[in-house]
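Reading the structure
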Amino acid sequence: MESTTALEHKGISKWRQRIGYGSADLACNLIWQMITLYLMYFYTDIFGLAAVQVSVLFLVTRVVDGVADVLMGILIDRTNTKWGKSRPYFLLGAIPFGLLAILAFYVPDIGPAGKLIYAYITYLGLSLAYTMVNIPMASILPSLTSDTNERTILATVRMIFSFVGATIVSVMTLPLVGWLGGDSKAQGFFWTMVIFAVVGTLLFFFTFRNVEEKVKMKLEKVTVKQTFSALKGNKPWYIFAVNILFMWGSFFFMQGSLIYYYTYNVGRPDLAAVVAGIGSLVPMVGTIITPAISGRMLKRTVFMIASVVNLLGFVIMIWANVNVTGLLIGAVVAALGHGLRQSIYFSMQADPVDYGEWKSGVSAAGILSAINGFIGKVAMAVAGAISGIVLTWGHYAANETQTTNALLAIKLNYLVIPAILVVFSMIIMSFYKLDKLYPEIRKELDARLLED
């Protein structure tokens, strides 16, 4: 590994790099949005697994996968190629990610036990491939630029592309499933994923071609133990990391339960694609205005305002119950807050990396990004597991008329629990104080390099 400090050079143009960087998240979302929106439904209502089996599958797979996140971070910190530290993995991980995504949405005729084993193998494999391309997307940001405003712009462009990918999946998936599969949802989901996976793979190749690790590093070999020393005393990162559980937990609860809510509670399965589209398209508005807002106030303040808007959307939807107009209004408000909050989150995550280097003298972008990714996957695993447990508690039965308890369980997963988690997220982030200190920290890091 290397101890690093930043010295930026000119290379690939800013807009070429912004588009290249954003394309990676577009690629991720063409596949991962399918996972967050439809995989649990696919497993219970099409693949044929029980809700409790899916809960255990999500939990076990994510915990195992989380270890891989940390190892991936260490691997990135130890990588030193002519292409940089993070960039090579966009090329290496593209094909495995696309191929395993296709296999995850295939229904083999191998009996209940065989299908459960198949689900574990393909879902774990897909998660590992996702780690290979997603952790570098976070760890590369400090190397793309040392300018905090440009980082915000890069994060904003990334989120715009992310929302484009999510919108494509949200709006097109169910129509494509019907068109490609006819009477067979299994065939429909499979061929839909084939299309998204091929496009996603090509986009990762495009990203590899159009990003460059411009921040040149002062190389100094350090041990894994020294790398972990960058975590010691890094309070901003601790706060940021804990917040991931609540922020992303809220998102994953809602996304994973959306199709259930509109199919069974509202009785309008056709609205699932509409609301999913709102949840992926409207956030772009919040994302686009993020750079202008963050230039006028602290990043934490932007995060708090966004969280309030997001929470207001949940409150409107809870109050609306099954009223379609109220649900659509609430979905728009919640999505607007989510877009602003998610964009500023990705802008903020590079700052604790610099704080850790300033405090310890060691940069650990790979390991910090990996642990952040691990925590995000824990949030997804716990959300999926608890959702399955709540459905089991409510005696949910796939493709049947649901009982009152089952409908309550679906509503808890879709609206109530996510709203509670937003509140906890705001409480955690109230302790984040790095914004005021960061300009001086960045200035001192640059001064250290000049002294060397």
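Remember, predicted model here, so these are calculated numbers, not experimental data.

A word on the overall build of the protein. A tally of regular secondary structure across the protein gives 17 helices and two strands. What you see for the protein is a C-alpha radius of gyration of 21 Å, in line with the 22 Å of a compact globule of 452 residues. Along the first, second and third principal axes, the C-alpha set of the protein runs to 70 × 45 × 35 Å. Counting all 452 residues of the protein, 60% fall into the buried class. Counting only contacts in the protein whose residues sit at least 6 apart along the sequence, the fraction spanning at least 24 positions is 86%.

Following the criterion strictly, the structure yields four salt bridges and no others. Residue Arg158 is joined to Asp25 by a salt bridge in which the shortest nitrogen-to-oxygen separation is 2.7 Å. Linking Arg158 in helix α6 (residues 148-181) with Asp25 in helix α1 (residues 14-47), this pair joins segments that are 133 residues apart in sequence. What makes Arg158 buried here is its relative accessible area of 3%. On the basis of relative accessible area, Asp25 is assigned to the buried category, the value being 5%. Of the charged contacts, one joins Asp351 and Lys299 as a salt bridge, the two residues approaching to 2.9 Å between their closest N and O atoms. Taken together, the positions of Asp351 in helix α14 (residues 351-360) and Lys299 in helix α12 (residues 299-320) put the pair 52 residues apart, joining distant regions of the chain.

Turning to the packing of helix α9 (residues 235-265) against α12, a few remarks are in order. Contact geometry of α9 with α12 gives a least axis separation of 14 Å together with a crossing angle of 30°. As far as their axial angle goes, α12 and α9 are roughly parallel. For the pair α9 and α12, the crossing hand works out as left-handed. Contacts between α9 and α12 involve Asn243, Met247, Ser250, Met254 and Tyr262 from the first element and Phe303, Phe314 and Met317 from the second. Counted by class, the contact of α9 with α12 contains six nonpolar, two polar and no charged residues.

Another point: empty space enclosed by the protein. The full count for this structure, using the stated rule, is four cavities of 30 Å³ or more. Taken together, the elements giving at least two residues each to the lining of the largest cavity come down to α1, α4 (111-139), α6, α9, α10 (270-281), α13 (324-348) and α15 (365-393). Looking at the lining of the largest cavity, its residues break down into 15 nonpolar, 15 polar and three charged. A domain-level breakdown of the lining of the largest cavity finds at least three residues from each of domain 1 (12-213) and domain 2 (222-433).

A few words now on the domain arrangement of the protein. Examined at the domain level, the protein breaks down into domain 1 (12-213) and domain 2 (222-433). Relative to domain 2, the C-alpha centre of domain 1 lies at a distance of 18 Å. Tallying the contact residues gives 51 residues for domain 1 and 58 residues for domain 2. Buried surface at the junction of domain 1 and domain 2, both sides included, amounts to about 4300 Å², of which 68% is carbon and sulfur. Between the two partners, domain 1 and domain 2, sit zero salt bridges. For the pair domain 1 and domain 2, the number of links is nine residue pairs in polar contact (both at pLDDT 80 or more). Contributions of two or more residues to the side of domain 1 that touches domain 2 are made by α1, α2 (51-78), α4, α5 (141-144) and α6. Counting residues per element, the side of domain 1 that touches domain 2 draws most heavily on α2, which supplies 17 residues. Its residues assigned to classes, the side of domain 1 that touches domain 2 comprises 29 nonpolar, 14 polar and eight charged.

Definitions and cut-offs
Residues numbered from 1 in each chain as written. Predicted model: local features only at pLDDT ≥ 70, side-chain atom pairs only at ≥ 80, totals over all residues. Heavy atoms only, no water. Helix = DSSP H or I, 4+ residues; strand = E, 2+ residues; numbered from the N terminus. Rg over C-alpha atoms; globule rule 2.2 N^0.38 Å. Buried < 20%, exposed > 50% of the residue type's maximum accessible area, 1.4 Å probe, protein only. Contact = heavy atoms within 4.5 Å. Salt bridge = Lys/Arg side-chain N within 4 Å of Asp/Glu carboxyl O. Axes fitted to C-alpha atoms, helices over the stretch in contact; angles between N-to-C directions. Parallel < 35°, antiparallel > 145°, perpendicular 65-115°, else oblique. Left-handed = near helix turned anticlockwise from the far one by under 90°. Nonpolar A, V, L, I, M, F, W, Y, C, P; charged D, E, K, R; others polar. 1 Å grid on protein atoms, 1.4 Å probe; cavity = no way out; pocket = protein on both sides within 12 Å on 5 of 7 lines; lining within 4 Å. Points joined across faces, edges and corners; volume = space filled by probe spheres on them. Domains from an automatic or database assignment. Buried area = accessible area lost by both parts, 1.4 Å probe. Polar contact = N/O pair within 3.5 Å; in protein donor to acceptor, adjacent residues only side chain to side chain.

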